[in-house]
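# Descriptive analysis of the structure
Below, each chain spelled out in residue letters.
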Amino acid sequence: MANRPEVRTLLVNAGITIPADTWFIGAEHNTCNEEISWYDLDQLPTEHLSGFNTLQHELRHTQMMSAHERCRRLASAPRNPTPQQALAHIKERAADFSQIRPELGHATNASAVVGRRSLTQGAFFDRRVFLISYDPTQDPDGKILEGILLAVTPVGAGINLEYYFSTVNNERFGCGSKVPHNVTGFFGVMEGAGSDLRTGLPQQMVEIHEPMRLLIVVEAKTSVLEQIYARQESIREMVAGGWVQLSSKDPETGEIFLFQSGSFGTNQDFVHWQAEVKDLPVHKNSKDCYKNKILPVAPALIKQQLLDKPEQFGAL
Amino acid sequence: MDALVICIPLIPLIASAIIGFGHLFEVLSGETCENITADIAGWAISMCCLLSLALLGADLMGKNTGFYNAGLWLSSDTLDIQLNFITTGFNVRLAALFSVLLAIIVRFSINYMHRETGYHRFFFILSLFASAMLLLILSGNIVCTFIGWETAGLCSYLLIAYAYNRPIAVVNATRIFVTNRIGDAGFLLGAGLSYAWVDSINWNTINAASARLSVGEATSLALCFAIPAFAKSAQLPFTPWLAKAMEGPTPSSSVFYGAVMVHAGVYLIILLRPLFEHAPLAMAVIAIAGLLTASYSYVVGLTQTDVKSSLIFATSGQLGLMFLECGLGFWQLAAWHLCAHTVMRAYQFLTAPSLMHNVRSLSAETRPRNIPTWIYVASLQRFWLDPITDWALIKPLQGLAHDLSYFDDHIVDSFMGTPAPAIQAISSLAQLEEQLIGAKLEKASASVRAPSLRPVGNKPDNFAQGSGLAGKLTEWTAAILHWFEDRFVLRGIGKDAIIYGRRLGHIANIFEKSVLRPRYLVLFVLITLLVAF
């Protein structure tokens, strides 16, 4: 839509200028087999082709590294594969209909960070954090943040709590093992020839999950968050009810406040959170962060290099 | 090349023994040993598959003699049970096909069953089943086929009850197991009759001799073997068990009820083709049963809402068609139908879990319209076959069992004395020792204290004491008379005698009522018949 000249004119009138050499391409990333499907490539102007090829090349690298990182948690995946092997395995796995664990899904999710991308740049989170872009400097009254939180809180909490409860009591809140499942009426599964419809996640999806409530870290002033908290019933319910944990990172001072449930208005809700300053291990690249490890990995930093082209890995 | 045949059922048997004993002695357990189990099962079935293909190749090139005798198993008088195999024709083709499918399914299960609690158990049973099924198909005589037949049935039972923590799975498994035992009665009777009439239990001999048999004999023999075929291949009236069997893991559903085991019945009929051809009545019976099953499964299949039930009724419908084809004499067609159906259904069952991926667009209207309401209801209720069986067979049997248990508890036990409750039983040698010593001590102390401490009323009475045979006899008589006198005369006729009298009358009433129940009438008729013949 934003490629159409008339839309661009309207945007310029609204004060948003998109450079003339910018071209938007719709794409979808299949997180199961790492495939990226592109839309409307036939409309791509020829002058953008070389740029697009570079992008594809880089994304190819990203696909491989993502596959590589995922392989370490999959028991039947090759150990310490080359990126090509990893991607091949992930693709094969997704197409294999005997494979009861085609992907990891959202297993091991722990946190959601709403903030500028510079906040998390260079950090290795072991696939455990939802990253939501938000710039507090553009949003003094918190209107944008309110919209974001209205979406992130229920969705993130929904995913996280589904994993949480399916893990803590798989038989009751989850749906047990996938093995005897029987697809019923195109809408659900039951066990064997007759049982109640099962809800929740199967045991195979939560095996590696560690049940914990979602920690939402928002890069915003506590005052902004308090206002939103006061306005939005649904957010209040989730946060005050303890279904998610909310914390704020002050965009200016960098201080972190953790929301502690209490009577609102006493300014006791956000408690200053202070931990001892600890140096995180620094690795050359993300591959080194999880090298030879198959269990969860603590956050680490990745040495940032100013490069024009992507890092070269292994045999690539 | 014929000798290869013996390895085909043997290799999976060895694999299952290794996995089974390994698991039993906890050498193979837990996730770390999954690879070993998977390798054993996978290699065994692959080897077995290669051998079957080699045997098939040899057969196609005409290198097989068609029969292989591995030796005498047991002999008694004129009955010799050989360990022999058929190494040509349909048997070999089917064995090759089944072993390929089994290999595919074992391969599938390795991924599918990963981290399941019963991983090793599953592969143990699957390997045992592979062995049993190939023995069933390749065996040259009734006894070995029967062994394979029963072992396959047992494996089926064990895998339906795979998740034995779910009551419904266990109930279904048991019910299926019992249902299939009806077929065994026919099988054993058939084995007995063929020994009596043909003097042999080799399939080939029976088939060759079928021309000599009278039509009556051929028909009885054919019908005897038709019953296990109906039971195993879920033909009416046995069809409902198949739908109950969907409790096990998907690969086992695929291999047992989609691909391999349910076809054993059709195989048996095709194997006995010459016999059936001499028994027109038996042909008619299998044709009718097949036709009825096919129609039944079609109608019931229309209203199934879950993927496995839909597939299973499609399966029993196709099996019905195969029986119909056999009954009408299209033996070649039935054999091809069997092979094609096996492959297709195995694939369909294996893809059943990923149904939602494969169904791109949901067709909302897949059911045919314009069917009368009563058919719809009957189809939903699966023609009430289960309740009918419950009412006609299970309830009377349960009643009988209940009465017998009552009889045991109240009559036999009161005569014979109840066994001591388990809680007081001796559970260890040490306990036994202790009790022996303790008992002696107790006895000793008891005898020391006896004269002064023994309560007087504890023993019935010891007013009469005698010695010697006559003396003892007198003593006992006196004791009995005393008891009688004490109970009936001294305590007054008005109290005990009336209560006893009432009780007696009540028991007589109950007895009369029970005896007139239909199940006893049936039982009496059966007993009379048994005595008469």
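In this text the structure is predicted, and so the values were computed from the model without any measurement.

About the thresholds
Residues numbered from 1 in each chain as written. Chains lettered and ligands numbered in written order. Predicted model: local features only at pLDDT ≥ 70, side-chain atom pairs only at ≥ 80, totals over all residues. Heavy atoms only, no water. Helix = DSSP H or I, 4+ residues; strand = E, 2+ residues; numbered from the N terminus. Buried < 20%, exposed > 50% of the residue type's maximum accessible area, 1.4 Å probe, protein only. Contact = heavy atoms within 4.5 Å. Buried area = accessible area lost by both parts, 1.4 Å probe. Salt bridge = Lys/Arg side-chain N within 4 Å of Asp/Glu carboxyl O. Polar contact = N/O pair within 3.5 Å; in protein donor to acceptor, adjacent residues only side chain to side chain. Axes fitted to C-alpha atoms, helices over the stretch in contact; angles between N-to-C directions. Parallel < 35°, antiparallel > 145°, perpendicular 65-115°, else oblique. Nonpolar A, V, L, I, M, F, W, Y, C, P; charged D, E, K, R; others polar. Pairing = 2+ DSSP bridges. Core = buried A, V, L, I, M, F, W, Y, C linked by side-chain atoms within 4.5 Å. pLDDT = per-residue confidence, 0-100. Phe/Tyr/Trp six-rings, centres within 6.5 Å; stacked < 30°, edge-to-face > 60°. Lys NZ or Arg CZ within 6 Å of the ring centre and 35° of its normal.

### As for the overall build of chain A
- When its secondary structure is counted, chain A shows nine helices and 13 strands.
- If one aligns the C-alpha atoms of chain A with their principal axes, the spans along those axes are about 55 × 55 × 45 Å.
- Among the 316 residues that make up chain A, the fraction classed as buried is 39%.
- Considering only residue pairs separated by 6 or more positions, chain A has 55% of its internal contacts joining residues 24 or more positions apart.

### Description of the environment of Trp476(B)
- One can find Trp476(B) in helix H20 (residues 468-490).
- Each C-alpha atom, one on Trp476(B) and one on Phe524(B), is 41 Å from the other, the two residues being 48 residues apart in sequence.

### Focus: the interface of chain A and chain B
- On the side of chain B, 31 residues touch chain A, which itself brings 25 residues to the contact.
- The contact between chain A and chain B buries some 2300 Å² in all, and 55% of this surface belongs to carbon and sulfur atoms.
- Of all residues in chain A, Phe97(A), Val179(A) and Phe186(A) give up the largest surface area on contact with chain B, accounting jointly for 29% of the area buried on that side.
- Between Arg166(B) and Glu191(A) there is a salt bridge, with the nearest N and O atoms lying 3.1 Å from each other.
- Run the count over chain A and chain B and you get 14 residue pairs in polar contact (both at pLDDT 80 or more).
- Where the side of chain A that touches chain B is concerned, the elements lending two or more residues are strand S6 (181-184), strand S7 (188-191) and helix H6 (203-206) of chain A.

### Some details on the packing of helix H14 (residues 307-328) of chain B against helix H15 (residues 331-351) of chain B
Residues and elements named next belong to chain B.
- Contact pair H14 / H15: the axes reach a minimum separation of 9 Å and the direction vectors enclose 170°. The angle between H14 and H15 places the two elements in the roughly antiparallel class. From H14, Lys-308, Leu-311, Ile-312, Ala-314, Thr-315, Gln-318, Leu-321, Met-322, Glu-325 and Cys-326 reach across to H15, where they touch Trp-331, Leu-333, Ala-334, His-337, Leu-338, His-341, Arg-345, Gln-348 and Phe-349.
- Per-class residue counts for the contact of H14 with H15 are eleven nonpolar, five polar and three charged.

### Digging into the side chain of Asp126(A)
Residue and element names in this part refer to chain A.
- By the secondary structure assignment, Asp-126 is in the loop between strand S4 (123-124) and strand S5 (129-133).
- Overall, the relative accessible area of 5% leaves Asp-126 in the buried class.
- Separated by 3.0 Å, the side chain of Asp-126 and the backbone nitrogen of Val-297 make a polar contact.
- Those residues in contact with Asp-126, other than ones at most four positions away along the chain, are Glu-69, Arg-72, Arg-73, Thr-108, Pro-296 and Val-297.

### Here we look at the sheet that holds strand S3 (residues 111-115) of chain A
Residues and elements named next belong to chain A.
- Strand order across the open sheet formed by six strands is S5-S3-S8-S9-S10-S11, with mixed pairing between neighbours. Taken across any chain shown, the strands that pair with only one partner, and hence form the sheet edges, are S5 and strand S11 (270-273). The mean angle between the axes of side-by-side strands here comes to 25°, regardless of whether they run parallel or antiparallel.
- Taken together, the five bridges between S3 and S5 define a ladder with parallel strand orientation. Paired with Gly-115 across the bridge in S5 is Ser-133.
- Running over the sheet, helix H7 (residues 222-231) touches strand S8 (215-218), strand S9 (245-249), strand S10 (256-259) and S11 and is turned about 150° from S11.

### Details of the side chain of Thr219(B)
All names here are of chain B.
- Tracing the backbone through its elements, the reader meets Thr-219 in helix H8 (residues 215-232).
- Assessed through its relative accessible area of 8%, Thr-219 is described here as buried.
- What Thr-219 contacts, discounting residues up to four positions off in sequence, is Ala-279, Leu-281 and Ala-282.

### Notes on the nonpolar core
- The biggest cluster of nonpolar side chains holds 128 residues, and the ones touching the most others in it are Phe129(B), Met133(B), Trp203(B), Trp241(B), Tyr257(B), Ile270(B) and Phe276(B).
- Looking at this core element by element, the count peaks at 15 residues for helix H4 (residues 119-138) of chain B.
- Sequence-distant contacts of Trp241(B), defined by excluding residues within four places in its chain, comprise Ile176(B), Thr179(B), Asn180(B), Ala231(B), Lys232(B), Ala234(B), Tyr257(B), Met261(B) and Val262(B).
- With 26 residues, the next largest nonpolar core counts Ile148(A), Leu149(A), Val224(A) and Ile235(A) among its residues.

### Considerations on the confidence of the model for chain B
Residue and element names in this part refer to chain B.
- Of all residues in chain B, 86% attain a pLDDT of 70 or more, and the chain-wide mean is 83.
- A low-confidence stretch, residues 441-462 stays under pLDDT 50, and its non-local contacts, those more than four residues away or across chains, total one contact.
- Scored by ipTM, the complex comes to 0.82, with pTM at 0.79.

### Quick notes on the packing of aromatic side chains
Residue and element names in this part refer to chain B.
- Tallied over the entire structure, the rule returns 25 aromatic pairs over all chains.
- Considering the side-chain rings of Tyr-296 and Phe-313, the 6.4 Å spacing of their centres and the 65° angle between planes classify their relative orientation as edge-to-face. Of this pair, Tyr-296 sits in helix H13 (residues 280-301) while Phe-313 sits in helix H14, placing them 17 residues apart in sequence.
- Exposure remark for Tyr-296: the relative accessible area of 7% places this residue in the buried category.
- Ring pairs connect the aromatic residues Phe-146, Trp-149, Phe-187, Trp-203 and Phe-225, which therefore count as one cluster.
- Above the face of the Phe-177 ring, Arg-181 is positioned so that its terminal group lies 4.3 Å from the ring centre.

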